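Single-letter residue listing:
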Amino acid sequence: MSAADPNPAAGAALDSHADPGRAAVASAYQRFEPRAYLRNNYAPPRGDLSSPDGVGPWKLRCLAQTFATGEVSGRTLIDIGSGPTIYQLLSACTHFEDITMTDFLEANRQELGLWLREEPGAFDWSTYSQHVCLIEGKGELWQEKERQLRARVKRVLHIDVHQPQPLGAGSLAPLPADALVSAFCLEAVSPDLASFQRALDHITTLLRPGGHLLLIGALEESWYLAGEARLVVVPMCKEEVMDALVRSGYEVRDLRTYAMPACLQTGVDDVKGIFFAWAQKKVGV
């Protein structure tokens, strides 16, 4: 993930005979360091939530406002390519009782497990939980928010978005899901736009007709760092995101963009901005 947060490898896997571009992505992600990624993007300055103009508050606001409409709700939700982060589900957990988190990398799934089990050494997301409670304005305690999320995450599974069945055959996740969330995943594990489109098509099969996708990603980014790993990202513009969603059979309900300010361009990537998309899968797709 990058500042924009490209998600660490949810689906970079391929065998040696697969497309060489995707195979190179898979190889690079074996050097991905979850804690380095978290330091780069969730510690100050990017992890500073005190300014409403910051990248963190913007992402949390987009999610909170969309869930506040009441239209994105149901029983089951799948987070596509969770990476080592949980912030993307803090507003979602009020609206879904069965949440599946996913990632390609075992290291990221282990990092999630530390937080979910409240183990020593887990990353501290309390600042994010407090901020979400503040912007949702319901008077909820951040400890209760975290307790609810932990209770509603029922499983953490392997995923490969480049496979037609991203969760594999006989998945433990209830399918099709009522909603999908994906933050900084597809563009970060796709070597080109065509690969991004196929990955979007693949995850769309996990979603019921009429269900909702909340997609967050990087704009005009080509690389990011996570420890020793330098990961390639497919540069995308707003229009390409819109076109890809339409091609995969979605009605785009909302599409917002954020320009990364100079003070948050810290040398850990070359991201220019972020997009947030709310899309609804058309019936019959």
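If you're wondering where the values come from, they're calculated on a predicted model, not measured in any experiment.

1. Section: helix 4 (residues 106-116)
Inference 1: If you check which residues of helix 4 are buried, you get Asn 108, Arg 109, Glu 111, Leu 112, Gly 113, Trp 115 and Leu 116.
Inference 2: Directly beyond the C-terminal end of helix 4, a positive phi value near 55° is found at Glu 118.

2. Looking at the pattern of salt bridges
Inference 1: All told, the structure shown has 15 salt bridges when counted by the stated rule.
Inference 2: With its nearest N and O atoms 2.7 Å apart, the salt bridge here joins Arg 253 to Glu 71. Taken as a pair, Arg 253 in strand 8 (residues 250-259) and Glu 71 in the loop between helix 3 (55-68) and strand 1 (76-79) lie far apart in primary sequence, 182 residues in all.
Inference 3: Where Arg 256 meets Asp 254, a salt bridge forms, and the shortest distance between an N and an O atom there is 2.7 Å.
Inference 4: Judged by its relative accessible area of 25%, Arg 256 is partly exposed.

3. Let's talk about unusual backbone geometry
Inference 1: The omega torsion of the bond from Pro 44 to Pro 45 falls at 10°, within 30 degrees of zero and hence cis.
Inference 2: One can find Pro 45 in the loop between helix 2 (34-42) and helix 3.
Inference 3: With an omega of -5°, the peptide bond between Leu 175 and Pro 176 qualifies as cis.
Inference 4: Relative to the helices and strands, Pro 176 is located in the loop between strand 3 (153-158) and strand 4 (177-183).

4. Some details on the pairing of strand 4
Inference 1: With respect to burial, strand 4 is a largely interior element, seven of its seven residues being buried.
Inference 2: In terms of strand pairing, strand 1 meets strand 4 through three bridges, oriented parallel. Bridge assignment links Asp 79 to a residue of strand 4, and that residue is Val 181.
Inference 3: Two elements, strand 4 and strand 5 (residues 207-219), share six bridges in a ladder whose sense is parallel. Counted as the bridge partner of Ser 182 is Leu 215 from strand 5.
Inference 4: Note on the crossover from strand 4 through helix 7 (residues 193-204) to strand 5: the handedness is right-handed.

5. Topic: the confidence of the model for the protein
Inference 1: Here the protein averages 93 in pLDDT, while 93% of its residues score no lower than 70.
Inference 2: Long-range and interchain partners of residues 1-6, a stretch whose pLDDT sits below 50, account for 49 contacts in this model, where long-range means more than four residues apart.
Inference 3: For the stretch residues 11-17, pLDDT sits under 50, and the model shows 25 contacts to residues farther than four places along the chain or on other chains.

6. With respect to the environment of Gly 83
Inference 1: The residue Gly 83 is located in the loop between strand 1 and strand 2 (98-103) in this model.
Inference 2: Taking relative accessible area as the criterion, Gly 83 reaches 0% and is therefore assigned buried.

7. Some thoughts on the UniProt feature "binding site: S-adenosyl-L-methionine" (unreviewed entry) in the protein
Inference 1: Residues given the UniProt feature "binding site: S-adenosyl-L-methionine" (unreviewed entry) here are Tyr 37, Tyr 42, Gly 81, Ser 82, Tyr 87, Asp 103, Asn 108, Asp 160 and Val 161. On the basis of their most widely separated C-alpha atoms, the annotated residues across 125 residues do not gather in one place, lying as much as 24.9 Å apart.
Inference 2: Position of Gly 81 among the secondary structure elements: in the loop between strand 1 and strand 2.
Inference 3: Of note, Asn 108 is situated in helix 4.

8. Some words on the packing of aromatic side chains
Inference 1: For the structure on display, the rule yields 13 aromatic pairs.
Inference 2: When the centroid spacing of 6.4 Å and the interplanar angle of 80° are considered together, the rings of Phe 67 and Phe 96 count as edge-to-face. Of this pair, Phe 67 sits in helix 3 while Phe 96 sits in the loop between strand 1 and strand 2, and the two are 29 residues apart along the sequence. Of the two residues, Phe 67 and Phe 96, neither departs from the other in class, the shared state being buried.
Inference 3: Aromatic rings pair up to connect Tyr 29, Phe 32, Tyr 37, Tyr 42, Tyr 87, Phe 123, Trp 125, Tyr 128 and Tyr 224 into one cluster.
Inference 4: Over the ring of Trp 115 we find Arg 150, and its NZ or CZ is 3.8 Å from the ring centre.
Inference 5: Between Arg 253 and the ring centre of Trp 278, over which it is positioned, the NZ or CZ distance is 4.4 Å.

What counts, and at which threshold
- Residues numbered from 1 in each chain as written.
- Predicted model: local features only at pLDDT ≥ 70, side-chain atom pairs only at ≥ 80, totals over all residues.
- Heavy atoms only, no water.
- Buried < 20%, exposed > 50% of the residue type's maximum accessible area, 1.4 Å probe, protein only.
- Helix = DSSP H or I, 4+ residues; strand = E, 2+ residues; numbered from the N terminus.
- Salt bridge = Lys/Arg side-chain N within 4 Å of Asp/Glu carboxyl O.
- Pairing = 2+ DSSP bridges.
- Right-handed = clockwise from strand over helix to strand, strands pointing away.
- pLDDT = per-residue confidence, 0-100.
- Contact = heavy atoms within 4.5 Å.
- UniProt positions renumbered as here; feature names shortened; annotations may be inferred.
- Phe/Tyr/Trp six-rings, centres within 6.5 Å; stacked < 30°, edge-to-face > 60°.
- Lys NZ or Arg CZ within 6 Å of the ring centre and 35° of its normal.

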